[in-house]
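One letter stands for each residue in the lines below.
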Amino acid sequence: MEPVHFTIIGFVLGFLMDQLFGDPQKLPHPIVGFGNMIAFGEKHLNNGNRRLVKGAILTITLVLITFAFSSITMGYIAIYSDTFNVLLTAIVVFYCLSARTLRKEVQMVFEAVDRSTEDGRKQLSRIVGRDTTNLEPQQIRSAALETLAENLSDGVIAPLFWFAIFGIPGILTYKMINTFDSMIGYKNERYLLFGRFAAKLDDVANFIPARITAFIMLLVANRFSMINFVLKNGKNHASPNSGYPESALAAILNCQFGGPNYYFGKIVEKPFIGSIKKIFSTNDMKIALRVNYLSEYVMMIVVLISMYCFYILKNSTYVL
């Protein structure tokens, strides 16, 4: 078999491992390593003058190192060992996706808030950046569903998109960029300048995947007629990307998302997505989880088709 076929086998194994087992909490995680490198650089560089420049240099350096190192490593492995190609591809894909874990966390938020508002707040705080201290049950459920839609893009569709284009170097580099954004991409006093470049780079990396996510969500929910709603309301978000998958879920559930929330003790005014206010129920959660689940498998098929098409195109170019 050609090396690409071993990569495809590894990809499918890694995807299915994530679907079956979720995030491996008790095993060493490469994303934790990314976070440690970022934290080390931020500790030593985020001070004094030229914080914008120093933050950009740190971001570019670690992103390029990630891409170069993974490209060289996978290049050698693909040549010398088909077995390691399959195993390493499977392991990296497994670690870089968060499909099952995300769905489980959102389900746990709904179960917790049904027990008590305080339990719901604590459970929600595990998966969102906003202040959950004073949220009411309706706000907790809404925040969980918004996060489910947003992280379908960031945690599943975007990594798969970049894997389809660049393979293991693509998915690892994307995770480095996304980790930068989750750690220093905030508009507060500490990170406003230092994390600005990282936040903008993350916006670029998620621009296409976020829109793909919204389209796939509408497709699997048989609500593609709501595409104009998504295109209109997708812009109603502080992020240039997150509004699109959130708008898709709002269209599917016929509800309203967004509005003001507290981050780091300060209120952040967010526009509303949609206009129909509703009380979220467990059934809404089940519909949203099903949409996520189906969207993940549709994207897996898209990746497989893309990889095979790239392979055919590459070999056709050589023949010509």
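Let me sum up the structure you'll find in this document. Each chain carries its own residue numbering, running from 1 in the direction its sequence is written. With pLDDT at 70 or above as the cut-off, local features in this predicted model cover only qualifying residues; side-chain atom pairs require 80 or more to be listed or tallied, and sums for whole chains, interfaces and linings still use all residues. Side-chain measures were taken over the full set of non-hydrogen atoms in the model, leaving aside hydrogen atoms and water.

### Notes on the overall build of the protein
Point 1. Looking only at helices and strands, the protein has 11 helices and four strands in total.
Point 2. With respect to the three principal axes, the spread of C-alpha positions in the protein is 60 × 55 × 40 Å.
Point 3. Looking at the 320 residues of the protein, the share that counts as buried comes to 49%.
Point 4. Here, residues are in contact when the closest pair of their heavy atoms is within 4.5 Å. Long-range pairs, those at least 24 residues apart, make up 71% of the contacts in the protein with a sequence separation of at least 6.
Point 5. Computed with a 1.4 Å probe, the accessible areas rest on the Shrake-Rupley method; for each residue, only the protein chains presented here act as cover. In the structure as shown, the protein presents an accessible area of about 16100 Å², 64% of it carried by carbon and sulfur atoms.
Point 6. In this tally, Lys and Arg are treated as positive and Asp and Glu as negative; His is ignored, and so are the chain termini. The location of each charge is read from NZ of Lys, CZ of Arg, CG of Asp or CD of Glu. Charged side chains of the protein number 30 positive and 23 negative; the gap between the two group centres comes to 3 Å. In this text, helices come from DSSP runs of H or I with a minimum length of four residues, and strands from runs of E with a minimum of two, each type numbered from the N-terminal end. Exposed residues in this analysis have more than 50% of their type's maximum accessible area, buried residues have under 20%, and partly exposed residues fall in between, with area computed by a 1.4 Å probe over protein chains only.

### Quick look at the nonpolar core
Point 1. Remark: nonpolar core denotes a set of buried residues (Ala, Val, Leu, Ile, Met, Phe, Trp, Tyr, Cys) joined through side-chain atoms within 4.5 Å. Leu124 and Phe257 are the most contacted members of the largest nonpolar core, which has 78 residues in total.
Point 2. In terms of residue count, the dominant contributor to this core is helix α7 (residues 137-184) (22 residues).

### Comments concerning the packing of helix α5 (residues 99-115) against helix α6 (residues 117-124)
Point 1. It is at 6 Å that the axes of α5 and α6 come closest, and there the two elements cross at 160 degrees. With respect to α6, the element α5 is oriented roughly antiparallel. Every pair of crossing elements has a handedness; the one defined by α5 and α6 is right-handed. Of the residues in α6, those in contact with Glu105, Met108, Val109, Ala112, Val113 and Arg115 of α5 are Thr117, Asp119, Gly120, Gln123 and Leu124.
Point 2. Note on residue classes: Ala, Val, Leu, Ile, Met, Phe, Trp, Tyr, Cys and Pro are nonpolar, Asp, Glu, Lys and Arg are charged, and everything else, Gly too, is polar. Looking at the contact of α5 with α6 residue by residue, the class counts come to five nonpolar, three polar and three charged. Helix axes are fitted to C-alpha atoms over the stretch in contact, other axes to C-alpha atoms as well, and angles between N-to-C directions run from 0 to 180 degrees. Should an angle lie under 35 degrees it is considered roughly parallel, over 145 roughly antiparallel, and from 65 to 115 roughly perpendicular; all remaining angles are considered oblique. In this scheme, a crossing is called left-handed if the near helix is turned counterclockwise away from the far one by less than a right angle; it is called right-handed if the turn is clockwise.

### Structural notes on the packing of helix α4 (residues 82-96) against α7
Point 1. Where α4 meets α7, the closest approach of the two axes is 10 Å, and the angle between their N-to-C directions is 145 degrees. Crossing angle aside, the handedness with which α4 passes α7 is right-handed. Facing Thr89, Val92, Val93 and Cys96 of α4, the residues of α7 in contact are Gly155, Pro159, Phe163, Ile168, Ile171, Leu172 and Lys175.
Point 2. Classifying every residue of the contact of α4 with α7 gives eight nonpolar, two polar and one charged.

### Observations concerning the environment of phenylalanine 84
Point 1. Counting through the fold element by element, phenylalanine 84 comes out in helix α4.
Point 2. Accessibility expressed as a relative area gives 54% for phenylalanine 84, which makes it exposed.
Point 3. In this structure, the C-alpha to C-alpha distance between phenylalanine 84 and glycine 10, residues 74 residues apart in sequence, is 9.4 Å.
Point 4. The contacts of phenylalanine 84, once residues within four sequence positions are left out, are Ile77 and Thr89.

### Comments concerning the packing of aromatic side chains
Point 1. Two aromatic rings, drawn from Phe, Tyr or Trp (for Trp, its six-membered ring), form a pair once their centres lie within 6.5 Å of each other, and the interplanar angle then sorts them: stacked below 30 degrees, edge-to-face above 60, tilted otherwise. With the rule as written, the count across this model stands at 13 aromatic pairs.
Point 2. Where phenylalanine 94 meets tyrosine 95, the ring centres are 5.6 Å apart and the plane angle is 45 degrees; that geometry is what we call tilted. Assigned by exposure class, phenylalanine 94 and tyrosine 95 land together as buried.
Point 3. Taken together, Phe11, Phe15, Phe163, Tyr293 and Tyr297 form an aromatic cluster joined through their ring pairs.
Point 4. Across the ring face of phenylalanine 207, the terminal group of arginine 211 is positioned such that the distance to the ring centre comes to 3.7 Å. Geometrically, a charge over a ring is one whose NZ (Lys) or CZ (Arg) sits within 6 Å of the ring centre while staying within 35 degrees of the ring normal.

### Some thoughts on the environment of phenylalanine 180
Point 1. Tracing the backbone shows phenylalanine 180 in helix α7.
Point 2. As a C-alpha pair, phenylalanine 180 and aspartate 202 span 22 residues in sequence and 8.1 Å in three-dimensional space.
Point 3. Excluding residues within four positions of it along the chain, phenylalanine 180 makes contact with Ile38, Leu58, Thr59, Leu62, Gly185 and Ala198.

### Let's talk about the pattern of salt bridges
Point 1. We count a salt bridge whenever a side-chain nitrogen from Lys or Arg sits within 4 Å of a carboxyl oxygen from Asp or Glu. In this structure the tally under the stated criterion is nine salt bridges.
Point 2. Close ionic contact of aspartate 114 with arginine 141 constitutes a salt bridge, the shortest N to O distance being 3.0 Å. Highlighted residues: aspartate 114 in helix α5 and arginine 141 in helix α7, separated in sequence by 27 residues.
Point 3. On the accessibility criterion, aspartate 114 (48% relative accessible area) is partly exposed.
Point 4. What emerges from the salt-bridge pattern is a single network uniting Glu118, Arg121 and Glu136.

### Details of unusual backbone geometry
Point 1. Its identity is not glycine, yet arginine 50 carries a phi of approximately 55 degrees, on the positive side.
Point 2. Looking at the element boundaries, arginine 50 is found in the loop between α2 (30-45) and α3 (51-80).
Point 3. Even without being a glycine, asparagine 254 presents a positive backbone phi close to 55 degrees.
Point 4. Relative to the helices and strands, asparagine 254 is located in the loop between α10 (243-253) and β1 (257-258).
Point 5. Owing to a relative accessible area of 44%, asparagine 254 belongs among the partly exposed residues under this scheme.

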